[in-house]
Amino acid sequence: DQPTDAGVQLARFGKYETQSDYYYRHGSVAAMTGTPELSHVRLGNLGRNRANRPIKTLAMDTQFLAHPSLKVWGVMTRTSHRRRLVNALTADGRVQTLDNTDNAYTIDIGAKPHDALEKILQNFERADAIR
């Protein structure tokens, strides 16, 4: 929904935090530090999420709201599909279109990004529960 700034974000890669139009599941760790469980990186056996459901969602559209004051740190609002839908890629290659008209998949961090990774992981787990 916002203009693409891929060049700016790619230049930040490996040096600073970057943002894109997709969330990617990253070993089911919701902290800035920590060691992911290695069983979560095998497509043939992704393991189970924190709700003890099979992990199946690998990537999904970003629905991320941030206060303008965070732009100085490179954290900006990024949304897709006018925040009405979220496409989610599953490990079996399917793409599920999820309803977001109730903002269930919208992450609004306001001016406090500290729990953003936890909220993103909760969205993946919410999508894992859909058949």
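Residues numbered from 1 in each chain as written. Predicted model: local features only at pLDDT ≥ 70, side-chain atom pairs only at ≥ 80, totals over all residues. Heavy atoms only, no water.

Along the chain, the regular secondary structure elements total 2 helices and 6 strands. Within the chain, buried positions represent 36% of all 131 residues. Counting only contacts in the chain whose residues sit at least 6 apart along the sequence, the fraction spanning at least 24 positions is 60%. (Helix = DSSP H or I, 4+ residues; strand = E, 2+ residues; numbered from the N terminus. Buried < 20%, exposed > 50% of the residue type's maximum accessible area, 1.4 Å probe, protein only. Contact = heavy atoms within 4.5 Å.)

What follows deals with the pairing of strand β2 (residues 57–61). In terms of residue burial, β2 counts as a mostly covered element, since 4 of its 5 residues are buried. Relative to β2, strand β1 (residues 22–24) runs antiparallel, the two being bridged by 3 bridges. The residue bridging Y23 from the neighbouring strand is M60, located in β2. Summarising the sheet, β2 and strand β4 (residues 85–90) pair through 3 bridges and their orientation is antiparallel. When the sheet's bridge partners are listed, A59 is paired in β4 with L89. (Pairing = 2+ DSSP bridges.)

A rise of 1.5 Å per residue sets the reference length of helix α2 (residues 116–128), with its 13 residues, at 18 Å; its end C-alpha atoms lie 19 Å apart and thus fit the reference within 8%. Where α2 is concerned, the buried positions are A116, I120, L121, N123, F124, E125, A127 and D128. At its buried positions, α2 is contacted by β1, β2, β3 (64–66), β5 (95–99) and β6 (107–110). (Expected span 1.5 Å × (residues − 1).)

To continue, consider the nonpolar core. The biggest cluster of nonpolar side chains holds 16 residues, and the ones touching the most others in it are Y23, M60, F64, L98 and I109. For this core, the secondary-structure elements that each account for two or more residues are β3, β4, β6 and α2. A total of 4 residues in this core trace back to one element, the largest contributor, which is α2. Beyond its immediate sequence surroundings of up to four residues, M60 is in contact with D21, Y22, Y23, V86, N87, A88, L98, Y105, N123, F124 and A127. (Core = buried A, V, L, I, M, F, W, Y, C linked by side-chain atoms within 4.5 Å.)

Considering all chains together, one arrives at 6 salt bridges under this definition. Of the charged contacts in the structure, one is a salt bridge between R94 and D92, with a shortest N-O distance of 2.9 Å. Overall, D92 belongs to the exposed group, its relative accessible area being 55%. A single salt-bridge network, built from bridges that share partners, covers R50, E118 and E125. (Salt bridge = Lys/Arg side-chain N within 4 Å of Asp/Glu carboxyl O.)

Let us look at the sheet that holds β2. The strand order across the open sheet built from 4 strands is β1-β2-β4-β5, with neighbouring strands paired in antiparallel fashion. Unpaired on one side and paired on the other, β1 and β5 mark the two borders of the sheet. Between one strand axis and the next, the sheet turns by 25° as a mean value, whatever way the strands run. Two elements, β4 and β5, share 5 bridges in a ladder whose sense is antiparallel. If you follow L89 over to β5, its bridge partner there is V95. Lying over the sheet, α2 contacts β1, β2 and β5, oriented at roughly 115° with respect to β2. (Axes fitted to C-alpha atoms, helices over the stretch in contact; angles between N-to-C directions.)

Burial along β6 is one-sided: I107 and I109 are buried, while D108 and G110, pointing the other way, are not. Here β3 pairs with β6 via 3 bridges, running parallel. From the neighbouring strand, A66 faces β6, where its bridge partner is G110.

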